[in-house]
Structures are given as structure tokens and as C-alpha cells.
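# Reading the structure
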Amino acid sequence: MSGREPGPVLLSMRGVGRVHGHDEAAVHALRDVDLDVRLGELVAVMGASGSGKSTLLTIAGGLDSPTAGTVTVAGDDLGSLSTKARARLRRRSIGYVFQDFNLVPALTAIENVALPRELDGVAARRARAEALEALAEVGIAELARRFPDELSGGQRQRVAIARALVGPRRLVLADEPTGALDSVSGEEVMRILRARVDAGAGGLLVTHEARFAAWADRTVFLRDGVVVDSTGAPSRAEHLLAGA
Amino acid sequence: MSVRQGILALLAEQPMHGYQLRQEFEQRTGATWPLNIGQVYTTVQRLVRDGLVEPLDNQADVERFGLTPAGREAAAAWWTTPVDRSAPARDELVIKIALAATAPGVDVRAVIQDQRTASMRALRDYTLLKADKAGDDLAWSLVLDHLIFAAEAEVRWLDHVEARVAREAARVRPAGPAAAAQGAAAAGTAPAPEPQVQR
């Protein structure tokens, strides 16, 4: 947050464009987008529906390819990688948090969080230990043995955040993570996400709710696929209010 | 006025001297609206004049004040009377946006976006303050929550204004190929010409 040196760049987008269709029927979903997310930084993207914010997130996560520009994740240019290598980088470097949690219902919280590590090839015992640590970091170690349907929405989203950042993962991409939550749970989830980013991660957050975007270091505004403005990094918030 | 009512409410708890009143007022409202001591004494003197407050007999070198029976009634009435919201305060932002939306030659979308960025910045700064240290001070954290909700409402209102203005532009633009394309772009229905961004 405020008063800290910027960390290394985890995600870098340069001149990114995405066109659907050809010629007269071409629709520019994104145009010439430059965006960086550094370690220790949470960046929010806001815009009306159809502004391109979901497209931006899927391209940042390597789930869709840009038709112009480059996307670099942890130093690797996604466009220069083979499909297989890209899938591997995506799986090992990026965590995803969705509006509807996307947890496996038949697995307990700890099993959900351990799963990506087991897919990484880590031994089951170590994967469990790492998962428990990740759950402790989001404050719900005691719920490790519960199944998703035994958890509240806010708790499920915490499990999803733990899963996104388990093991060596440092970049979390969150698509409306508070969309299915009430106001207080939503705030709690943002507080956790903020804390995890401060503790050593980077995050890109798409939301249409200003109050949740406000947890980010800066907010980027998209309109018709173009970045039209940005709040910039925080001022010295300590001096904002007299007597604070 | 809120300082007057606040002082009455504080004196209803216990008699206080001027500095104590000032300190309590600031502490209990999150130190967001600093009072100077002159303001406190002027207000207290007016309350004395109106028969709501009286100086207490005491030997101490600093004068203490307490409520008269009428003052007690006035203090109690404050809690049971809602704050008047029927006459909205004049708000520069609302006046500016309303005029921008109807003034010729003003790029209202740019005006809205500049304001949205500024309001979002304020919202972000309040939120970070709250995340940092407001948790242990209930009064301050409630005041901060109010500022957060107000800034959020402002951003939502600006989103709404933008959508309304775009729809209106699409509706009133006279037909003709260039004008129609411009209207469609404003309404966000692409294919868009380069958006006008004043950066």
C-alpha cells in the first residue's frame, strides 16, 4: 500500500488489442491497452458492461490471445510460448478468483486448495501442508475440512483466494469476486485480498462496484475497449483527514 | 446547527469546561471536523443567552458549564427529531454536471470522467485509511464509512449520468450518416470512431 517501494512487474500488457471479426464487421473489444501489475500492487479495472473489462482479464490470464500487442507474465511473453508452455505458465503462475467461486463441491476446502499443487506434481502431503498454510493466511484454517456447501459465500471466496495464491503463485486475477456476496462479506473478501497482495502478490481485479475497486492501489477506467483514465497510485493517505 | 446540538448533547452527559467540550467533540466525531476554542466559547455563550446552558458555581479557576432544565429538554429532543433532509444543500458537483449536460460546446463525457476519477481517488484513499487503522476507533470508523458511502454514491450517480447523457445524445441528434454514427458511438453500440479523450 502507501509508502512502499514498487515491486517487480508480474504482469505487463503493451499495446494490447483484441478484434473480433473482420473488415467492416470488425469489433474492437480492446484497443492499445498498456497496463502493469507489480508485486504488492492491486489494480482494479472498471467500466460499463461491454467496455472490454472481461476481455482484458481473459487476455491477461492467457485464456484468450490478443490480436495486437504483447502480454508478459512473470517475464515470459505469452505470445512467444507454445500452447503447451503457455498452459503450464498459466497454471503455475496465475490464480483465478471468480464471482461464483468455482470450487469443486465434492472436495473439502483444504482439498480444493491442495488440488492445483497436486496438479503441479507436488507430493500429496506437501500439497496439503501448503494448502493449510494458504487457508491460514486467509484466516480460515479451522474450516479446512468443510465442504463448500458447508461454508458461507464469504468463506468460499476466501478458499478461492487461498487456492489462487497457493504455493509459488503470485498473480491473482479476480473477476467480480464480490458479485455474489452481501456488502459486509464483500468488504471482508476485499480486505483479505488486499492483505494477501500486501504480503507478497499482485492482483488484477475487475469490478463494477466502486466501493470494492477502492481497495485497489489504482483504478483503471475502460470505455469502448480503451483505457480512458486512471486514478494513479495513492497519495499519502495518512494526511487526508485532520487528526487521522 | 450541529456544533450547538453536539455541545448540548455532551453537556447532558456531564458538566464540562470549554477545552473539555472541544476535546470531547473532536474525539467523539472522529476528529474530522476540528473546532477552535473560540467557536466553542461563542456557542456556549449563545446557549447561555438562550437559557439552555448555565455556568456552574465553582471555586476552580476554569469555568464549567451545565444544562438548565430547558437545555435538558432541547438535548433530549435532538435524539428524537430526525435531521431535516427536505431542503437539499447546494452541491457544486451536481450543479456543474447538470449544467454541463445542457451547455453547448461542453464535452460532458470528459467532465464526468474527470470527476469520476477524482471521486474514485477519494474513495480509494478513505478505504485505505480504513484498512490501515480505523478498526479500533468506532467514532472515526463510522465517520469514514459515511465518507466512503457518499463517495460511492457519487461514482454511481456519475455512471448513471453518463448512461443517460449517451442515450439522450442518441435520441436528439438529427438523422444523417455522420450524426447517426456519432450518436451510436455515444450510446456505446460501436463501431466507434476514436473516442474523445481529453488527457
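Everything below is about the structure shown above.
The rules we used
Residues numbered from 1 in each chain as written. Chains lettered and ligands numbered in written order. Predicted model: local features only at pLDDT ≥ 70, side-chain atom pairs only at ≥ 80, totals over all residues. Heavy atoms only, no water. Helix = DSSP H or I, 4+ residues; strand = E, 2+ residues; numbered from the N terminus. Buried < 20%, exposed > 50% of the residue type's maximum accessible area, 1.4 Å probe, protein only. Contact = heavy atoms within 4.5 Å. Areas by Shrake-Rupley, 256 points an atom, 1.4 Å probe, with all protein chains shown as cover. Pairing = 2+ DSSP bridges. Axes fitted to C-alpha atoms, helices over the stretch in contact; angles between N-to-C directions. 1 Å grid on protein atoms, 1.4 Å probe; cavity = no way out; pocket = protein on both sides within 12 Å on 5 of 7 lines; lining within 4 Å. Points joined across faces, edges and corners; volume = space filled by probe spheres on them. Phe/Tyr/Trp six-rings, centres within 6.5 Å; stacked < 30°, edge-to-face > 60°. Lys NZ or Arg CZ within 6 Å of the ring centre and 35° of its normal. Core = buried A, V, L, I, M, F, W, Y, C linked by side-chain atoms within 4.5 Å. Parallel < 35°, antiparallel > 145°, perpendicular 65-115°, else oblique. Nonpolar A, V, L, I, M, F, W, Y, C, P; charged D, E, K, R; others polar. Salt bridge = Lys/Arg side-chain N within 4 Å of Asp/Glu carboxyl O.

Looking only at helices and strands, chain B features eight helices and three strands. The buried share of chain B, reckoned over its 199 residues, is 36%. Within chain B, counting contacts between residues at least 6 apart in sequence, those at least 24 apart form 47% of the total. As displayed, chain B has an accessible area near 12100 Å², and 55% of this comes from carbon and sulfur atoms.

Take the sheet that holds strand β1 (residues 16-17) of chain B next. Residues and elements named next belong to chain B. Read from one edge to the other, the open sheet built from three strands follows the order β1-β3-β2, with strand pairing classed as antiparallel. Two strands in the sheet have a free side with no partner beyond their single neighbour: β1 and β2 (53-55). Pairing of β1 with strand β3 (residues 64-67), which is carried by two bridges, proceeds in the antiparallel orientation. Note on β3: the bridge partner recorded for Met16 is Phe65. Packed on one face of the sheet, helix α3 (residues 37-49) meets β2 and β3 and runs near 105° to β2.

Attention now goes to unusual backbone geometry. All names here are of chain A. The phi angle at Glu176 is positive, at roughly 45°, despite the residue not being glycine. Its location among the elements puts Glu176 in the loop between β7 (171-175) and α6 (183-198). Note on Glu176: relative accessible area 10%, which makes it buried. The phi dihedral of Asp224 falls on the positive side, at around 50°, and the residue is not glycine. Within the fold, Asp224 resides in the loop between β9 (218-223) and β10 (226-230). Accessibility expressed as a relative area gives 19% for Asp224, which makes it buried.

Looking now at the pairing of strand β2 (residues 27-38) of chain A. Residue and element names in this part refer to chain A. Across eight bridges, the pairing between strand β1 (residues 9-20) and β2 is antiparallel. Opposite Arg18, over in β2, you have Leu30 as the bridge partner. Between β1 and β2, which pair antiparallel one after the other, the connecting turn spans six residues, and Gly21 there sits at a positive phi close to 80°.

A separate point is the pairing of β10(A). Residue and element names in this part refer to chain A. The pairing of β9 with β10 spans four bridges and is classified as antiparallel. Bridge assignment links Leu222 to a residue of β10, and that residue is Val227. Counting the residues between successive antiparallel strands, the hairpin from β9 to β10 contains two residues, one of them, Asp224, with a positive phi of roughly 50°.

The next point concerns empty space enclosed by the protein. All chains considered together, the criterion is met by two cavities of 30 Å³ or more. If you trace the second largest cavity, you find it lined by A:Glu187, A:Arg211, A:Phe212, A:Trp215, B:Thr127, B:Lys130 and B:Ile148. Put simply, the parts of the chain that give the lining of the second largest cavity at least two residues each are α7 (210-213) of chain A together with α6 (108-133) of chain B.

Attention shifts here to the packing of aromatic side chains. Residue and element names in this part refer to chain A. Counted under the stated rule, the structure contains two aromatic pairs over all chains. Seen from their ring centres, Tyr96 and Phe98 are 6.2 Å apart, and the 10° between their planes marks the pair as stacked. Residue classification places Phe98 among the partly exposed positions, given a relative accessible area of 28%. Across from the ring centre of Phe212, 5.3 Å away, lies the NZ or CZ of Arg211, which sits over that ring.

With that settled, the discussion passes to the sheet that holds β10(A). Residue and element names in this part refer to chain A. The strand order across the open sheet built from six strands is β6-β7-β8-β3-β9-β10, with neighbouring strands paired in mixed fashion. Sheet topology places β6 (94-98) and β10 at the edges, where each strand pairs with a single neighbour. Across the sheet, the mean angle separating the axes of adjacent strands is 20° when strand polarity is ignored. The pairing of β7 with strand β8 (residues 202-206) spans five bridges and is parallel. For Asp175, the partnering residue across the bridge sits in β8 and is Val206. Across the sheet, helix α5 (residues 153-164) touches β6 and β7, and the angle it forms with β6 is around 165°.

Let us look at the nonpolar core. Counting 55 residues, the largest nonpolar core has A:Val113, A:Leu135, A:Val159 and B:Met120 as its most contacted members. Of the residues forming this core, the biggest block, six residues, is contributed by helix α7 (residues 138-172) of chain B. Setting aside its immediate chain neighbours within four residues, B:Met120 contacts A:Met46, A:Ala210, A:Ala213, A:Ala214, A:Thr219, A:Phe221, A:Thr231 and B:Val155. Counting residues in each nonpolar core, the second largest holds 26 residues, with A:Leu57, A:Val71, A:Leu78 and A:Leu222 among its members.

Here the focus is the packing of helix α5 (residues 92-102) of chain B against α7(B). Residue and element names in this part refer to chain B. One way to put it is that α5 packs onto α7 with a least axis distance of 12 Å and a crossing angle of 10°. Regarding the angle of α5 to α7, the classification is roughly parallel. Across from Leu93, Val94, Ile97 and Ala101 in α5, the residues of α7 making contact are Glu154, Trp157, Leu158, Val161 and Val165. For the contact of α5 with α7, the per-class residue count stands at eight nonpolar, no polar and one charged.

This part covers the environment of B:Leu142. Inspection of the secondary structure assignment puts B:Leu142 in helix α7. Through-space distance from the C-alpha of B:Leu142 to that of B:Ala169 is 40 Å; in sequence the pair is 27 residues apart.

The next thing to look at is the pattern of salt bridges. All names here are of chain A. Enumeration according to the criterion identifies 27 salt bridges over all chains in this entry. The salt bridge partner of Asp120 is Arg169, with a shortest N-O separation of 3.0 Å. Within this pair, whereas Asp120 is found in the loop between α3 (109-119) and α4 (124-137), its partner Arg169 is found in the loop between α5 and β7, the two being separated by 49 residues in sequence. Neither residue differs from the other here; Asp120 and Arg169 are each classed as buried. One salt bridge in this structure joins Arg194 and Asp217, with 3.1 Å as the shortest N-O distance. With Arg194 in helix α6 and Asp217 in the loop between α7 and β9, this pair connects stretches of sequence that are 23 residues apart. On the basis of relative accessibility, which here comes to 6%, the residue Asp217 falls in the buried class.

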